[in-house]
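# Architecture at a glance
If you want the building blocks of each chain, they are given just below.
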Amino acid sequence: MDTAVGKVVSISLLVIFAVMPVLAPLVGEPYYVDVFARIMLWAMAALGLNLILGFGGMVSFGHAAYVGVGAYTVGILSHHGVSSGFLQWPLAIGLSGIFAAIFGAISLRTRGIYFIMITLAFSQMLYFLAVSLEQYGSNDGLLVPERSDFSIGTLHAGIDDDHAIYYVILCILVLCLYAKSRLIAGRFGMILKGIKSNETRLQALGVSTYRYRLAAFTLSGMICGLSGVLFANFEGFVSPDLMHWTRSGEVLIMVILGGAGMLFGPLFGATVFLLLSEVLARFTDYWNIIFGPILILVVLYAKGGIGGLFRGRNRG
Amino acid sequence: MLTVSGLKAGYDEFPVLFGVDLKVGSGEIITLLGRNGMGKTTTLRVISGIIKPKEGKVCLDGLVISGWRSYRIAKAGIGFVPEDRQVFPSLNVVENLIATARPGYWTLHKVFSLFPLLADRQTIQGGLLSGGEQQMLVIGRALMTNPRLLILDEATEGLAPMVRSEIWSCLGKLKDMGMAVLVVDKYASASVELVDRHYIMEKGVISWSGSSAELSSSVMLRGQLLSV
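Quick caveat, the model's predicted, so the values are computed rather than measured.

Quick look at the side chain of Asn 146 of chain B now. For Asn 146 of chain B, the location among the structural elements is in the loop between α6 (131-144) and β7 (149-152). For Asn 146 of chain B, the side chain forms a polar contact with the main-chain oxygen of Arg 102 of chain B, separated by 2.7 Å.

Right, here's the structure in full:
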């Protein structure tokens, strides 16, 4: 976020997230704590996608798959009684990274619409794989019997408390935002932006752009995997629905709605998307009829999404 | 340093180059002249690996680089400044320079002393610079990759005469430092004293080559081959 207004709005938003577990019960809407936790989880997935879409110009239509890999890894391990977070988390994030690296290595050889289709195809493969896992609940999903355990020896540490998991999610989200801002400001970020505007030129200047794109794709899959890890812990339940292609579409919409290529864009996008759908769904079952046109208006009139409204004139 | 021999290339089924031969030695400024559509840009693109040649060889210091991917050719020591500049519009001046930099003689400081104008624009987005500033930026960007050979396509096209002579005086400085420069520029004749050798291209082959003195003395040659 370039401007002072943008910074103030972004920080205020984080403060609202921080006080929500206290505020929501006070105003008699404790349910909103869950809504805000989900917003943060999807914001994290959108943040992962934004790394390659917003900065590198790669439109992946299959990023929910990596959320699913992260969530299922935790779910399946927990199902078999392995609840140590020290084992679950690295394994889940690592597996998401491996899937993203393999799928990315193939998808990134294509461009434009083919890239969109092939990322969608890979995510559908994982979706149907999850559906076919009858041992793990198939379509009905899988209960995660207990949350990740971080106890060392006799020192007990866990995230069983609902406030604890909420704040763990918030802290990890803030860490991701910080790490991403550092990454984007560095040479890696410059090269990603260069790839978005002129890949041939970068190659002619001696940069093997494929490697950078693959690294970014893998990293973005891992961030989505981390979001999946937290999903499984928060919901206590994983299902193939998490990897459905409409989920990938929603993450894509959050990025574009919030402002592709902007640090806080995914957070704005996820907040507006999920809150709006929540509020509209209270009035009517056909809330999509209102939601759709709003999205179209934002795309047409708020260039650069919601984040774009707070940006200076010389935005890139 | 650079030897191009029997180079044939084209776009899809449409041939453009029919056997191009040229040489660039270290510390030389070489121009590639000719009317539009004769294959100058294509030649430069093949040398820098953006297009693959169909036949022929490009050697850099004895190493055959033709057919390599462009990023490997750039790493081998060729800096390419394309004709339509192509700064990275969303990166600022400093970021444009350091994003693709490789260690060597050229640093931010040295580029800024070569182009003092850029030093005053460090945090401006590349896309907001004037044409002349953008050209300086892309030359600086290519220098920051620390090449041994600098290739410029339409080095001063569309620039004001003063900027044009500034760019050429910079090329002179680079030559004095021992860098090889291969340049396509309609306005090269204004700086003939700097140029070691000219090649004139006609219909995809080199039809004439010679020194600046020979080029200047041949009024007929200039009239026939260079007028648009």
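On to the layout of surface pockets. All names here are of chain A. Reported here for the second largest pocket is a volume of approximately 540 Å³. The wall of the second largest pocket is formed by 26 residues, among which Arg 38, Trp 42, Arg 247, Glu 250 and Leu 274 lie closest to the centre. Of all elements in the fold, only α2 (31-55), α8 (209-235), β2 (237-238), α9 (245-258), α10 (265-283) and α11 (288-301) reach the threshold of two or more residues within the lining of the second largest pocket. Here the residues of the lining of the second largest pocket sort into 17 nonpolar, three polar and six charged.

All names here are of chain A. Running from N to C, α2 and helix α7 (residues 187-204) cross one another at 50°; their axes reach a closest spacing of 8 Å. Relative to α7, the element α2 is oriented oblique. Between α2, through Leu 51, Leu 53, Gly 54 and Phe 55, and α7, the contact on the second element is made entirely by Leu 192, Lys 193 and Lys 196. Here the contact of α2 with α7 is composed, by residue class, of four nonpolar, one polar and two charged.

Time to look at the sheet that holds strand β6 (residues 78-81) of chain B. All names here are of chain B. Read across the open sheet, the six strands follow the order β6-β7-β8-β3-β9-β10; overall the sheet is mixed. Two strands bound the open sheet, and with one partner strand each, they are β6 and β10 (205-210). Across the sheet, the mean angle separating the axes of adjacent strands is 20° when strand polarity is ignored. Sheet analysis places strand β3 (residues 29-33) next to strand β8 (residues 180-183), joined by three bridges and oriented parallel. Bridge pairing in β8 links Ile 30 to Leu 182.

This next bit is on the packing of helix α1 (residues 4-26) of chain A against helix α6 (residues 162-185) of chain A. Residue and element names in this part refer to chain A. Their axes nearest at 10 Å, the elements α1 and α6 cross at an angle of 175°. With respect to α6, the axis of α1 lies roughly antiparallel. Facing α1, whose interface residues are Leu 14, Phe 17, Ala 18, Met 20, Pro 21 and Val 22, α6 presents His 163, Tyr 166, Tyr 167, Leu 170, Val 174 and Leu 177. In terms of residue class, the contact of α1 with α6 is made up of 11 nonpolar, one polar and no charged.

Once that is clear, we can look at the pattern of salt bridges. Tallying each qualifying case throughout the model produces 14 salt bridges over all chains. When the shortest N-O distance is used, the salt bridge between Arg 38 of chain A and Glu 235 of chain A registers 2.7 Å. Placement of Arg 38 of chain A in helix α2 and of Glu 235 of chain A in helix α8 is noted, with a sequence separation of 197 residues between them. With relative accessibility at 32%, the residue Glu 235 of chain A sits in the partly exposed group. Across the pair Arg 121 of chain B and Glu 133 of chain B runs a salt bridge, and its minimum N-O distance is 2.8 Å.

What follows is about the pairing of β7 of chain B. Residue and element names in this part refer to chain B. Along β7, one buried face is formed by Leu 149 and Ile 151 and the opposite face, lined by Leu 150 and Leu 152, is buried too. For β6 and β7, the ladder comprises four bridges, and the chain directions are parallel. From the neighbouring strand, Phe 80 faces β7, where its bridge partner is Ile 151. Handedness of the crossover is the feature at issue here: the chain leaves β7, passes through helix α7 (residues 161-176), returns alongside β8, and the resulting connection is right-handed.

Per the counting criterion, the structure on display carries 17 aromatic pairs over all chains. With a centroid separation of 5.9 Å and an interplanar angle of 70°, the aromatic rings of Tyr 31 of chain A and Tyr 32 of chain A are classed as edge-to-face. Judged by relative accessible area, Tyr 31 of chain A falls into the partly exposed class, the value being 41%. Geometrically, the ring pair formed by Tyr 127 of chain A and Phe 128 of chain A is edge-to-face, given 5.0 Å between the ring centres and 75° between the ring planes. The exposure class assigned to Tyr 127 of chain A is buried, which follows from its relative accessible area of 13%. Residue placement shows Lys 110 of chain B over the ring face of Tyr 105 of chain B; its charged tip is 4.4 Å from the ring centre. Residue placement shows Arg 141 of chain B over the ring face of Phe 88 of chain B; its charged tip is 4.7 Å from the ring centre.

Strands belonging to one sheet form pairs held by backbone hydrogen bonds; the direction of such a pair is parallel or antiparallel. Residue and element names in this part refer to chain B. A sheet is described by the order of its strands in space; here four strands give the open sequence β2-β1-β4-β5, paired in antiparallel fashion. This sheet does not close on itself; its edge strands, each paired only once, are β2 (14-24) and β5 (63-64). Pairing analysis gives eight bridges linking strand β1 (residues 2-11) to β2, with the strands arranged antiparallel. Bridge pairing links Val 4 to Leu 22 in β2.

By size, the foremost hydrophobic cluster in this structure holds 102 residues, and its most contacted members are Phe 17, Met 44 and Ile 169 of chain A. Here this core takes 19 residues from α2 of chain A, the largest share from any one element. Those residues in contact with Ile 169 of chain A, other than ones at most four positions away along the chain, are Ala 37, Met 40, Leu 41, Met 44, Leu 230 and Phe 234 of chain A. Among the nonpolar cores identified, the runner-up in size contains 39 residues, and Ile 29, Trp 106, Phe 112 and Ile 200 of chain B belong to it.

All names here are of chain B. A positive phi angle, close to 70°, is found at Arg 85, a residue other than glycine. Among the structural elements, Arg 85 can be located in the loop between β6 and α3 (93-98). One non-glycine residue, Lys 203, lies in the positive phi region at around 45°.

The α-helix winds at 3.6 residues per turn, so residues separated by three or four positions along the chain end up facing the same way. Residue and element names in this part refer to chain A. Taking 1.5 Å as the rise per residue, α11 with 14 residues should run 20 Å; its terminal C-alpha atoms sit 20 Å apart, in good agreement. Those residues of α11 not exposed but buried are Phe 291, Leu 295 and Val 298. All buried residues of α11 fall inside an arc of 65° around its axis, so they share one side. Away from the buried face of α11 by more than 90 degrees, exposed residues Ile 289, Ile 296, Leu 300 and Tyr 301 are located. Residues of α11 that are buried sit in contact with α9, α10 and α12 (305-308).

What follows concerns the interface of chain B and chain A. At the interface, 24 residues of chain B touch 20 residues of chain A. Interface area lost by chain B to chain A is led by Tyr 71, Phe 88 and Ala 99 of chain B, which between them contribute 27%. Linking chain B to chain A there are zero salt bridges. Taken together, the connections running from chain B to chain A amount to seven residue pairs in polar contact (both at pLDDT 80 or more).

Parameters at a glance
Residues numbered from 1 in each chain as written. Chains lettered and ligands numbered in written order. Predicted model: local features only at pLDDT ≥ 70, side-chain atom pairs only at ≥ 80, totals over all residues. Heavy atoms only, no water. Helix = DSSP H or I, 4+ residues; strand = E, 2+ residues; numbered from the N terminus. Polar contact = N/O pair within 3.5 Å; in protein donor to acceptor, adjacent residues only side chain to side chain. 1 Å grid on protein atoms, 1.4 Å probe; cavity = no way out; pocket = protein on both sides within 12 Å on 5 of 7 lines; lining within 4 Å. Points joined across faces, edges and corners; volume = space filled by probe spheres on them. Nonpolar A, V, L, I, M, F, W, Y, C, P; charged D, E, K, R; others polar. Axes fitted to C-alpha atoms, helices over the stretch in contact; angles between N-to-C directions. Parallel < 35°, antiparallel > 145°, perpendicular 65-115°, else oblique. Contact = heavy atoms within 4.5 Å. Pairing = 2+ DSSP bridges. Salt bridge = Lys/Arg side-chain N within 4 Å of Asp/Glu carboxyl O. Buried < 20%, exposed > 50% of the residue type's maximum accessible area, 1.4 Å probe, protein only. Right-handed = clockwise from strand over helix to strand, strands pointing away. Phe/Tyr/Trp six-rings, centres within 6.5 Å; stacked < 30°, edge-to-face > 60°. Lys NZ or Arg CZ within 6 Å of the ring centre and 35° of its normal. Core = buried A, V, L, I, M, F, W, Y, C linked by side-chain atoms within 4.5 Å. Expected span 1.5 Å × (residues − 1). Arc of directions from axis to C-beta. Buried area = accessible area lost by both parts, 1.4 Å probe.

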